[in-house]
Amino acid sequence: MASSAYRNGVHRGSSGMKLDRPLPAANLKSSSFKSRIPPSQSSGSALRRSSPASFAAKDNDGVPGRVRVAVRLRPRNVEELAADADFADCVELLPELKRLKLRKNNWDSDTYEFDGVLTEFASQKRVYEVVAKPVVESVLDGYNGTVMAYGQTGTGKTFTLGRLGEEDTSDRGIMVRSMEDIFADISPETDSVSVSYLQLYLETLQDLLDPGNDNIPIVEDPKTGDVSVPGATLVEIRDQQSFMELLRIGEAHRIAANTKLNTESSRSHAILMVHVKRSVMGREDIISSENGDPPPHLAKPFKPLVRKSKLVVVDLAGSERIHKSGSEGHMLEEAKSINLSLSALGKCINALAENSPHVPVRDSKLTRLLKDSFGGTARTSLIVTIGPSPRHRGETASTILFGQRAMKVENMLKIKEEFDYKSLSRKLEVQLDKLIAENERQQKAFEDEVERINVEAQNRISEVETSFADALEKERLKCQMDYMDSVKQLEEKLVLNQQKHDHDGFADGKCILQGSGLSVAEEVVEIKKLLEKETNLRKVAEEEVKNLRSQLGQHPPLAAGGDAEMLKLRKILEDETRQKKKLEEEIIVLKSQLFQLSFEADQMKMCLDRGGTGNVFAGLDSSMSPVRHSQLKDSGNGQKASIATLFEQVGLQKILALLESEDANVRIHAVKVVANLAAEEANQKKIVEAGGLTSLLMLLRSFEDETVRRVAAGAIANLAMNEANQELIMVQGGISLLSMTAADAEDPQTLRMVAGAIANLCGNDKLQMKLRSDGAIRALLGIVRCGHPDVLSQVARGIANFAKCESRASTQGTKSGRSLLIEDGALPWIVQNANSEAPPIRRHIELALCHLAQHEVNAKDMISGGALWELVRISHDCSREDIKSLAHKTLSSSPTFRSEMRRLRMEY
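As the structure is a computational prediction, the values presented were derived from the model and not from experiment.

A.B. asks: What's the story with the overall build of the protein in this structure? I'm lost.
C.D. replies: Helix and strand counts for the protein come out as 33 helices and 18 strands. A buried classification covers 46% of the 908 residues belonging to the protein. For the protein, contacts bridging at least 24 residues in sequence account for 71% of all contacts bridging at least 6. Just so you have it, the protein exposes about 47600 Å², and 52% of that area is on carbon and sulfur atoms.

Below, the structure is given as structure tokens:
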């Protein structure tokens, strides 16, 4: 036997859903109904609120809130016509008396009376007018209403309620006809209609409009007792076509199966909820006069009201005997669940009919959903469907008794009205708009007057500004003169203070520069003399070279025996060239030292003016980082000016040539100058074009001096800030050289420079695979051995940059698979430092975690590595709102994370 499945062959969990899918046949074969319905009863449509055959609000028994019950007989189908050909129907209908006879045998029968009796020839229109139309009218008047079908499997419940009638409009069921009447009565401008479509399957409430929403809770208001399902999809509709599309979607996901009693038996209870909100006008209480008529001046105006009502249409799954339906396996479990819920409903109706003090509403989710329909405040109509076959006399009798008991249940009808603040607000907005328009007209006249006054004022201001500019220029010239005089006086004071401190001989009044015992002023004078001496020597050497060249030109051609003399002269010339090159290098170094000492002298002058002594040049020794301008924000401008002056006077090519000098001091000083030049974006392109990048990489490869490597790494980090230079660094093997330097170095400053350079490169989307293959991630993870906060901050920044680029590539579809960070083992360190006490480290690590978690392929690794707990913490406690919201959004959008958090009972 076929197992349970969605209608149209769509299985549970299927993501594919088409709106233009043809609707499957109803549970009851339509041919059985239509073949025996006269044409006069199956055509035409009734007008709104005109149903003479319907049982209306007040019946003969005078109980307006009683549950109204009608019975409908299904005609024999083909199988019954063949099997029961020799037997009479077990049911006899007396529709004019609203009675039904159930034959026990040929001479004995039981008679039952209902609110409506519908024969097998009754049209769908008449069924709607008798059963559902009074309820729909009550819903439009502001009351809650329920229409429900109960009966054995295969007796026509789904045909009666849910038939769409796409092929034959006369076949339209109660759901479609109810919405037609609702749309005909409401006003689209002021009223609204919203629809939810659910199914109760195996005691689980599922959303037929969103199959993924498969465990909806039922909520009961403790104050009013109203039952609601806030987790269900609620769709606002504007026309009948939209409603038909929703019914098609819901029917496609409803579970059905083939049984012996019905080829397409519903295996779940379907619940259609229609929420209607209408705007009405109600008059306030008025004061009556003596003759009973209210005085006109005492009559209060109409107040806007909103009536909120709900129509619930319930297509119950059919009750069945297991031996008759042939259910087995999973279908047997479905049948048990259906029978249990229907049994719970029957117990509740029995308790209400007998006025029992306890009604077992909580025995089933079905009874909780129908709490308002039986014994509540809703107007309820029940249609019980039966079959004529004597083979099912027991099931038919049980269905009839269910309807008889339901007729004894009384509801307390209650209209639901609320004050319509929105309507009143719209009226006030109209008045406000009129006042705003009047105000704008007055404002325009005022602005024109103000504009005229402004023009006059601007003319006067222009005249004053012209005279003021002349006076200001004169004052500026005067201030410049005063400033020059002040500078001259300060220089005189500096000389006097230096002489005083030299005379006292105290250590606090002296500044020791690189182990020399001379004061700054004497050192400057000494270096200037040495520079003049070297310059003179250079000039003498150049003159001597010129003389030798002129002598060589005047000398007659030598004979064969004069080769020795020529070789001697060439040797002398080469010696002079080497001497000249050496002198030029020394001059460049001396000029650089002179600019350095001038800057330090300016610093000492500032310190002495403030009255300070000692520690004047703290942090300015020869081991300072090449990017020290970032550490000395106030005093760095002077040094930048000195470096710029050196750059202009000496030339970049000569400075880069000193990087290959054999003198270690010259090499160290040259690499510092290049690093400081690289800190300025304007110089970076010139340095790269002149071959400075290649020279810096050569220093990392060939020199073991810690200072050279530290400063060279800092210069490369500065160059790596420019995206155009990043690919050049990668092409020339920069990552490999930086990785080797990181493996050998122990100094925190060196490791910080290396980590900073790699972090800058990790921010380039195009270099992801190359960085990983060259060992950039492993190099960063190796640097963490240092433990210094500044170093770890740069490592965290690099990992965050890499994760961000990976996330962007995955979103764009250029990358798939797990994160390279996870594959290289970075996740344990990330989780370990996600809650670091250092804010920079924590901020970068939190950002990296959020980017890794954005892609479902990383979710399982992050859960096993403990990253889920950190993501939950970030979504609650992160100090930065953007990272906090990103973590919350990531947790909400990941099915794997949501499933794990439900398992661990975690909240986010």
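A.B. asks: What am I meant to see in the sheet that holds strand β5 (residues 109-113) here?
C.D. replies: Two modes of strand pairing occur in sheets, parallel and antiparallel, and in both the strands are linked by backbone hydrogen bonds. Strand order across the open sheet formed by three strands is β3-β4-β5, with antiparallel pairing between neighbours. What marks the edges here is a single partner per strand, and that holds for β3 (91-94) and β5. On average, adjacent strands in this sheet sit at an angle of 20° to one another, irrespective of strand direction. Note: β3 against strand β4 (residues 99-103), four bridges, orientation antiparallel. Its bridge partner lying in β4, leucine 94 is registered against arginine 99. Lying over the sheet, helix α11 (residues 393-406) contacts β3, β4 and β5, oriented at roughly 150° with respect to β4.

A.B. asks: Can you help me understand the pattern of salt bridges in this one?
C.D. replies: Pairs can form between side chains of opposite charge whenever their charged atoms are close. By the definition in use, this model includes 28 salt bridges. Two residues, glutamate 438 and arginine 441, come together in a salt bridge whose shortest N-O distance is 2.4 Å. In this pair, glutamate 438 and arginine 441 both sit in helix α12 (residues 421-504), three residues apart, roughly one turn of the helix. When its relative accessible area of 35% is taken as the criterion, glutamate 438 is described as partly exposed. Classification of arginine 441 as exposed rests on a relative accessible area of 51%. The partner of aspartate 824 in a salt bridge is arginine 772, with the nearest N and O atoms 3.1 Å apart. Here arginine 772 lies in helix α24 (residues 768-773) and aspartate 824 lies in the loop between α27 (820-823) and α28 (827-832), a separation of 52 residues in the sequence. Linked by salt bridges that have partners in common, Arg772, Arg778, Glu823 and Asp824 make up one network.

A.B. asks: Would you take a moment to explain helix α7 (residues 240-253) for this structure?
C.D. replies: Residues that lie three or four places apart on an α-helix share one face, since the helix turns once every 3.6 residues. For α7, built from 14 residues, the straight-helix expectation of 20 Å at 1.5 Å per residue is met to within 8% by its first-to-last C-alpha distance of 20 Å. With 11 of 14 residues buried, α7 is to be regarded as a mostly interior element. Of the positions making up α7, those classed as buried are Gln240, Phe243, Met244, Leu246, Leu247, Arg248, Ile249, Gly250, Glu251, Ala252 and His253.

A.B. asks: Help me understand the packing of aromatic side chains in this model?
C.D. replies: Two aromatic rings, taken as a pair, are described by how far apart their centres are and by the angle between their planes. Taken as a whole, this structure holds one aromatic pair when the rule is applied. Where tyrosine 150 meets phenylalanine 402, the ring centres are 3.8 Å apart and the plane angle is 10°; that geometry is what we call stacked. Highlighted residues: tyrosine 150 in strand β7 (residues 145-151) and phenylalanine 402 in helix α11, separated in sequence by 252 residues. Assessed through its relative accessible area of 8%, tyrosine 150 is described here as buried. Owing to a relative accessible area of 2%, phenylalanine 402 belongs among the buried residues under this scheme.

A.B. asks: Mind showing me how you'd approach the environment of isoleucine 174 here?
C.D. replies: Mapped onto the elements of the fold, isoleucine 174 is located in helix α6 (residues 174-185). In this structure the C-alpha to C-alpha distance between isoleucine 174 and lysine 125, which are 49 residues apart in sequence, comes to 8.5 Å. Filtering out sequence-adjacent residues up to four positions away, isoleucine 174 remains in contact with Val127, Tyr128, Val131, Ala132, Val147, Thr160 and Leu161.

A.B. asks: How do you make sense of helix α25 (residues 776-783) when you look at a structure like this?
C.D. replies: Of all eight residues that make up α25, six are buried, and the element is covered over most of its length. Every buried residue of α25 is listed here: Ala776, Ile777, Ala779, Leu780, Leu781 and Ile783. Along its buried surface, α25 packs onto α22 (734-744), α23 (748-761), α24, α26 (789-812), α27 and α28.

A.B. asks: It is not clear to me how the packing of α6 against α7 should be interpreted in this structure. Could you clarify?
C.D. replies: When two helices pack together, you describe them by how their axes are tilted relative to each other and by the distance separating the axes. Here α6 crosses α7 at 155°, and the two axes come no closer than 10 Å. With respect to α7, the axis of α6 lies roughly antiparallel. In this structure, α6 meets α7 at a crossing whose hand is right-handed. Seen from α6, the contacting residues are Met175, Val176, Met179, Glu180 and Phe183; seen from α7, they are Gln240, Phe243, Met244 and Leu247. Taken together, the residues of the contact of α6 with α7 sort by class into seven nonpolar, one polar and one charged.

A.B. asks: Please clarify how the nonpolar core should be interpreted in this entry.
C.D. replies: Generally speaking, soluble globular proteins have nonpolar side chains that are buried together. Ranked by size, the top nonpolar core spans 92 residues in total, and within it Leu696, Ile758, Leu771, Trp829 and Phe897 carry the most contacts. The greatest single-element share of this core, amounting to nine residues, is contributed by helix α17 (residues 664-678). With residues up to four places along the chain from it excluded, the contact list for phenylalanine 897 reads Ala853, Ala859, Met862, Ile863, Leu868, Leu871, Thr890 and Leu891. Counting residues in hydrophobic clusters, the runner-up holds 44 residues, among them Val69, Leu93, Tyr112 and Ile386.

A.B. asks: Please explain the pairing of strand β8 (residues 192-201) as it appears in this structure.
C.D. replies: Regular strands show a simple pattern: their side chains alternate between the two faces of the sheet. With respect to burial, β8 is a largely interior element, 10 of its 10 residues being buried. Here β8 runs beside strand β12 (residues 235-237); their pairing, made up of three bridges, is antiparallel. Across the sheet, the residue bridging to valine 195 is valine 235, located in β12. As defined by bridge partners, β8 adjoins strand β9 (residues 204-207) across four bridges and the pair is classed as antiparallel. Pairing of tyrosine 201 across the sheet is with threonine 204, part of β9.

A.B. asks: Is there a simple way to explain the confidence of the model for the protein in this structure?
C.D. replies: Atomic detail in the predicted coordinates should be set aside for any region of low pLDDT. Confidence in the prediction of the protein, expressed as mean pLDDT, is 76, and 75% of residues score 70 or more. Predicted confidence for residues 610-642 stays below pLDDT 50, and this span has 51 contacts to residues more than four positions away or in other chains.

A.B. asks: Just checking my understanding: could you explain unusual backbone geometry for this structure?
C.D. replies: When glycine is set aside, most residues are seen to have a negative phi, and most peptide bonds are trans. Of note in the backbone geometry, leucine 202 takes a positive phi value of approximately 55° without being a glycine. With respect to the secondary-structure elements, leucine 202 resides in the loop between β8 and β9.

A.B. asks: Could you clarify how one ought to interpret the pairing of β7 in this entry?
C.D. replies: Burial analysis of β7 places seven of its seven residues in the buried class, which makes it a mostly covered element. Of the two faces of β7, the one lined by Gly145, Val147, Ala149 and Gly151 and the one lined by Thr146, Met148 and Tyr150 are each fully buried. Sheet topology places β7 next to strand β17 (residues 379-386); seven bridges connect them, and they run parallel. Directly across from methionine 148, in β17, lies its bridge partner leucine 382.

Rules of the game
Every chain begins its residue count from 1, and numbering advances along the sequence as written. Side-chain atom pairs in this predicted model are given and counted only at pLDDT of 80 or more, local residue features only at pLDDT of at least 70, and totals for whole chains, interfaces and linings cover all residues. The side-chain numbers reported here are obtained from all heavy atoms of the structure, hydrogens and water having been left aside. Strands here are runs of E lasting at least two residues and helices are runs of H or I lasting at least four, both read from the DSSP assignment and numbered beginning at the N terminus. Partly exposed describes any residue whose relative accessible area lies between the buried limit of under 20% and the exposed limit of over 50%, with all areas from a 1.4 Å probe on protein chains only and scaled to the type maximum. Residues are treated as being in contact if the distance between any of their heavy atoms lies within 4.5 Å. Only the protein chains shown count as cover for residues, and the accessible areas themselves come from Shrake-Rupley with a 1.4 Å probe. Pairing between strands is defined by DSSP: at least two bridges between them are needed. The axes are straight lines fitted to the C-alpha atoms, using for helices just the contacting stretch, and the angles between their N-to-C directions are given from 0 to 180°. By salt bridge we mean one thing: a side-chain nitrogen of Lys or Arg within 4 Å of a carboxyl oxygen of Asp or Glu. Under the convention used throughout, the expected extent of a helix is 1.5 Å for every residue step, that is, one less than its residue count. Each Phe, Tyr or Trp ring, with Trp reduced to its six-membered ring, pairs with another whose centre is within 6.5 Å; inter-plane angles below 30 degrees give stacked pairs, above 60 give edge-to-face pairs, and intermediate values give tilted ones. Oblique is the label for every angle not falling under 35 degrees (roughly parallel), over 145 degrees (roughly antiparallel), or within 65 to 115 degrees (roughly perpendicular). Crossings are assigned a handedness: left-handed for a near helix turned anticlockwise from the far helix by less than a right angle, right-handed for a clockwise turn. Ten residue types, Ala, Val, Leu, Ile, Met, Phe, Trp, Tyr, Cys and Pro, are classed as nonpolar, four, Asp, Glu, Lys and Arg, as charged, and the remainder, Gly among them, as polar. Side-chain atoms within 4.5 Å are what join buried Ala, Val, Leu, Ile, Met, Phe, Trp, Tyr and Cys residues into a set we call a nonpolar core. A score between 0 and 100, pLDDT records how confident the predictor is in each residue.

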